[in-house]
Amino acid sequence: MNEACLYIVSTPIGNLGDITARAVDVLGSVDVIAAEDTRHTARLLNHLGIRKPLLACHEHNERDRSAQIVAKMAAGESIALVSDAGTPLISDPGYFLVATVREAGYRVVPVPGACALIAALSVSGLPSDRFFFEGFLPAKSVARRKRLQALSGFEHTWIFYESTHRIEETLMDMVEVLGAERDIVIARELTKTFETVLAGRVGECLAQVKADANQKKGEFVVLVRGAESPKEGGLDEAAASLMVILLEELSLKQASQLASRITGIKKKTLYEYGLTLKNDG
């Protein structure tokens, strides 16, 4: 590599055969590899037959490491950033480093490859023309339910990561907030030996996870079908009924605000529907 730059290198999420030829070339050519976990990355490099200096760069030291990496680039060195698996910065460290390097005037070059959320979306059977990635939901149930409520009205597929310790509790919270009938897909251990993809209603998937201890192990990508769009010229039946009930006790402004929080539908849409009710009355 003649030019000092930072390469953002995607690595396999499980199957080592998913490393790209370009990634191997870059990892073998840079001066230093910055890794989330140097021990984990050392195993990958050993598999590839690559020997390079490793520099730990994780969420606890990223700010200090960023200054060191920029100094190395100023000396003409090229750097590759890798995470434990998949594409760096996607629910992994690296944002501060990339921003710092760009601000310092150096190139940042993507080396695309595996990404768990994209792999899961591609096999989910859920709409993929538009989607939203949440990252990880809050660890505590109260905060998690609050966030699920905020996401419940999204009209496109939404995706989040979950851990083996919380998958069952999260599914239980989803039943509570979204109801048991929302379509979801749970992609577990993608590209690994025990890869499974469960698809069905939330309640059905929860029952499957409860019934099989193996379905609680590993790393999870959960995909959720978006909410149905309100019917043209009005609201769906549930939202319309909610507005009727709320307007018996609240002002139009208060009713539309509360209904929006409950359903995820825009306040303006609910307010306009409320106006039609008052005018009809």
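As a reminder, the structure under discussion sits directly above these lines.
A.B. asks: Before we move on, can you summarise the overall build of the chain with the specific residues and values?
C.D. replies: If you tally the helices and strands in the chain, you get 11 helices and 10 strands. With the principal axes as the frame, the chain shows a C-alpha extent of 75 × 45 × 30 Å. Considering the chain as a whole, with its 281 residues, one finds that 41% of them fall into the buried category. In the chain, of all internal contacts separated by at least 6 residues, the share reaching a separation of at least 24 is 67%. Summed over all atoms, the accessible surface of the chain reaches about 15000 Å², with 50% contributed by carbon and sulfur. Each charge class in the chain was averaged separately, 32 positive and 36 negative side chains, and the resulting centres sit 3 Å apart.

A.B. asks: So, the nonpolar core: which residues are in play, and what are the values?
C.D. replies: Counting 19 residues, the largest nonpolar core has W158, F160, L171, M174, I184, I186 and V224 as its most contacted members. Going through the elements one at a time, helix 6 (141–151), strand 7 (157–162), helix 7 (167–178), strand 8 (183–188), helix 8 (202–211) and strand 10 (220–224) are the ones with two or more residues in this core. Here V224 is in contact with L126, H156, T157, W158, F160, M174, L178, R182, D183 and I184, once residues within four sequence places are set aside.

A.B. asks: Pulling in residues and values, what's your account of the packing of helix 3 (residues 62–74) against helix 4 (residues 95–103)?
C.D. replies: At a minimum axis separation of 9 Å, helix 3 and helix 4 run at an interaxial angle of 35°. Judged by the sense of rotation from one axis to the other, the crossing of helix 3 with helix 4 is right-handed. Contacts between helix 3 and helix 4 involve E62, R63, S66, I69, V70 and M73 from the first element and Y95, F96, L97, T100 and V101 from the second. Class assignment for the residues of the contact of helix 3 with helix 4 results in 7 nonpolar, 2 polar and 2 charged.

A.B. asks: Break down the packing of aromatic side chains for me, citing the residues and quoting the values.
C.D. replies: All told, the structure shown has 4 aromatic pairs when counted by the stated rule. A ring pair is formed by F133 and Y161, whose centres lie 4.9 Å apart and whose planes are at 65°; its orientation type is edge-to-face. Here the residue F133 occupies a position in strand 6 (residues 131–136), and Y161 occupies one in strand 7, the gap between them amounting to 28 residues.

A.B. asks: How would you explain the pairing of strand 10 if you had to name every residue and give the values?
C.D. replies: Of all the 5 residues making up strand 10, 5 are buried; the element is thus mostly covered by neighbouring parts of the structure. Here strand 7 runs beside strand 10; their pairing, made up of 5 bridges, is antiparallel. Paired with Y161 across the bridge in strand 10 is V221.

A.B. asks: Pulling in residues and values, what's your account of the sheet that holds strand 8?
C.D. replies: One open sheet accounts for 5 strands, arranged 6-7-10-8-9; its pairing is mixed. Both outer strands of the open sheet, strand 6 and strand 9 (196–201), are each paired with one neighbouring strand and no more. Each strand of the sheet is rotated relative to its neighbour by a mean of 15°, with strand direction disregarded. Strand direction decides the pairing type here: strand 8 and strand 9, joined by 6 bridges, are antiparallel. Its bridge partner lying in strand 9, A187 is registered against V197. The sheet contacts of helix 5 (residues 116–124) involve strand 6, strand 7, strand 8, strand 9 and strand 10, and relative to strand 10 the element is tilted by about 50°.

A.B. asks: Pulling in residues and values, what's your account of unusual backbone geometry?
C.D. replies: Residue E189 is not a glycine yet carries a positive backbone phi of 55°. By secondary structure assignment, the location of E189 is in the loop between strand 8 and strand 9. Given the relative accessible area of 16%, E189 is considered buried. Even without glycine at this site, T191 takes up a positive phi of about 70°. Take T191: it is sitting in the loop between strand 8 and strand 9.

A.B. asks: Explain the side chain of S124 to me, using residue names and the numbers behind them.
C.D. replies: Tracing the sequence through the fold places S124 in helix 5. Overall, S124 belongs to the buried group, its relative accessible area being 10%. Here the side chain of S124 touches L126 through a polar contact of 3.1 Å, landing on its backbone nitrogen. Residue contacts for S124: discarding those within four places in its chain leaves V185 and L223.

Rules and cut-offs
- Residues numbered from 1 in each chain as written.
- Predicted model: local features only at pLDDT ≥ 70, side-chain atom pairs only at ≥ 80, totals over all residues.
- Heavy atoms only, no water.
- Helix = DSSP H or I, 4+ residues; strand = E, 2+ residues; numbered from the N terminus.
- Buried < 20%, exposed > 50% of the residue type's maximum accessible area, 1.4 Å probe, protein only.
- Contact = heavy atoms within 4.5 Å.
- Areas by Shrake-Rupley, 256 points an atom, 1.4 Å probe, with all protein chains shown as cover.
- Lys, Arg positive; Asp, Glu negative; His and termini not counted.
- Charge placed at Lys NZ, Arg CZ, Asp CG, Glu CD.
- Core = buried A, V, L, I, M, F, W, Y, C linked by side-chain atoms within 4.5 Å.
- Axes fitted to C-alpha atoms, helices over the stretch in contact; angles between N-to-C directions.
- Left-handed = near helix turned anticlockwise from the far one by under 90°.
- Nonpolar A, V, L, I, M, F, W, Y, C, P; charged D, E, K, R; others polar.
- Phe/Tyr/Trp six-rings, centres within 6.5 Å; stacked < 30°, edge-to-face > 60°.
- Pairing = 2+ DSSP bridges.
- Polar contact = N/O pair within 3.5 Å; in protein donor to acceptor, adjacent residues only side chain to side chain.

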